[in-house]
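# Breakdown of the fold
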Amino acid sequence: MSTWSTGSPERQRATLDAIARAWESRPWPHEGLLSYTVYAGSDGSTVLHHSHWRDEEAHREFSAGARNGRDARNADIDAAVPGIERLGLSKTRLYRSWSAGSGGERREPGAIVIVKVPFEHPDADRQRAWVDGVLEALGSDPVEGKGLISAHFHASTDGREVVNYAEWESEQAHIDALAAAGEGVGSPTPQWRRVRAFPGVAPGGTVARYRFAYGFVPS
């Protein structure tokens, strides 16, 4: 996952259009890239890129390749919208997922919420233990699933961060959940209190809402 800052809603829209043109006009860049999805931030400025790769070796091969088309695509995007700020890249692996009971019916999310939780030191065991605690809290929450469709917890490959890719019914549902809990999403249960007091979590975590813009897959 990577994030760009465009600076305004108009520049955000122009960036999304430029991304679509750059990807639709070129061949698929690498067989190891399984999908590429772009989201528009509800702040009117950010753009989130989410790429799924077959494995880390495929991504390294792509990054080292001289003919992968990445530079040409970025050059086209930068020519259309000069001054885009690249804010950073997170390499992650999916660890565990949670979904609300819906009788087997697939609900389309109205908002994607990306929650980044940093840790004081690299520690893969601590990453997994934190996620396990959150899943226990979700499973025991008396308001379980109220607006939250699913949550997919990714551990960063450097051991320093957990990224939760959460699907919500709407942006307002997420806003309401934050306001109702008072301390973040989740009821004031013992399980959630343990999550909030989990040792080793560093300050500086972020929460950002997005909406789907484009999705690309190999033809």
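In case you missed it, the structure is sitting above this.
Residues numbered from 1 in each chain as written. Predicted model: local features only at pLDDT ≥ 70, side-chain atom pairs only at ≥ 80, totals over all residues. Heavy atoms only, no water.

### Quick notes on the sheet that holds strand β2 (residues 33-41)
To summarise the sheet geometry, strands pair through backbone hydrogen bonds and adopt either a parallel or an antiparallel arrangement. Pairing is antiparallel across the open sheet formed by nine strands, whose spatial order is β4-β1-β3-β2-β9-β6-β8-β7-β5. Of all strands in the sheet, those bounded by a partner on one side alone are β4 (85-89) and β5 (92-99). For this sheet, the mean angle separating the axes of adjacent strands, direction not counted, is 25°. Of the strand pairs in this sheet, strand β7 (residues 148-156) and strand β8 (residues 161-168) are connected by seven bridges, and their pairing is antiparallel. When the sheet's bridge partners are listed, histidine 152 is paired in β8 with tyrosine 165. In the packing of helix α4 (residues 124-140) onto the sheet, the strands contacted are β5, β6 (111-118), β7 and β8, and the crossing angle to β5 comes to about 15°. (Pairing = 2+ DSSP bridges. Helix = DSSP H or I, 4+ residues; strand = E, 2+ residues; numbered from the N terminus. Axes fitted to C-alpha atoms, helices over the stretch in contact; angles between N-to-C directions. Contact = heavy atoms within 4.5 Å.)

### Brief notes about the packing of helix α1 (residues 9-24) against helix α3 (residues 70-80)
Contact geometry for α1 and α3: axes closest at 9 Å, N-to-C directions at 150°. Considered as vectors, α1 and α3 are oriented roughly antiparallel to each other. Considering how the two elements wind past one another, α1 and α3 form a crossing that is right-handed. Of the residues in α3, those touching α1 at Thr15, Ala18, Ile19, Arg21, Ala22 and Trp23 are Arg73, Ile77 and Ala80. Within the contact of α1 with α3, the residues separate by chemical class into six nonpolar, one polar and two charged. (Parallel < 35°, antiparallel > 145°, perpendicular 65-115°, else oblique. Left-handed = near helix turned anticlockwise from the far one by under 90°. Nonpolar A, V, L, I, M, F, W, Y, C, P; charged D, E, K, R; others polar.)

### Concerning the pattern of salt bridges
For the structure on display, the rule yields 10 salt bridges. In this structure, arginine 13 engages aspartate 17 in a salt bridge whose closest nitrogen and oxygen atoms are separated by 3.0 Å. Highlighted residues: arginine 13 and aspartate 17, both in helix α1, separated by four residues, approximately one helical turn. Arginine 13 gets classed as partly exposed once you look at its relative accessible area, which sits at 37%. Here aspartate 78 makes a salt bridge to arginine 86, at a shortest N to O gap of 2.8 Å. Given the relative accessible area of 35%, arginine 86 is considered partly exposed. Among the charged side chains, a salt-bridge network with shared partners connects Glu56, Arg60 and Arg93. (Salt bridge = Lys/Arg side-chain N within 4 Å of Asp/Glu carboxyl O. Buried < 20%, exposed > 50% of the residue type's maximum accessible area, 1.4 Å probe, protein only.)

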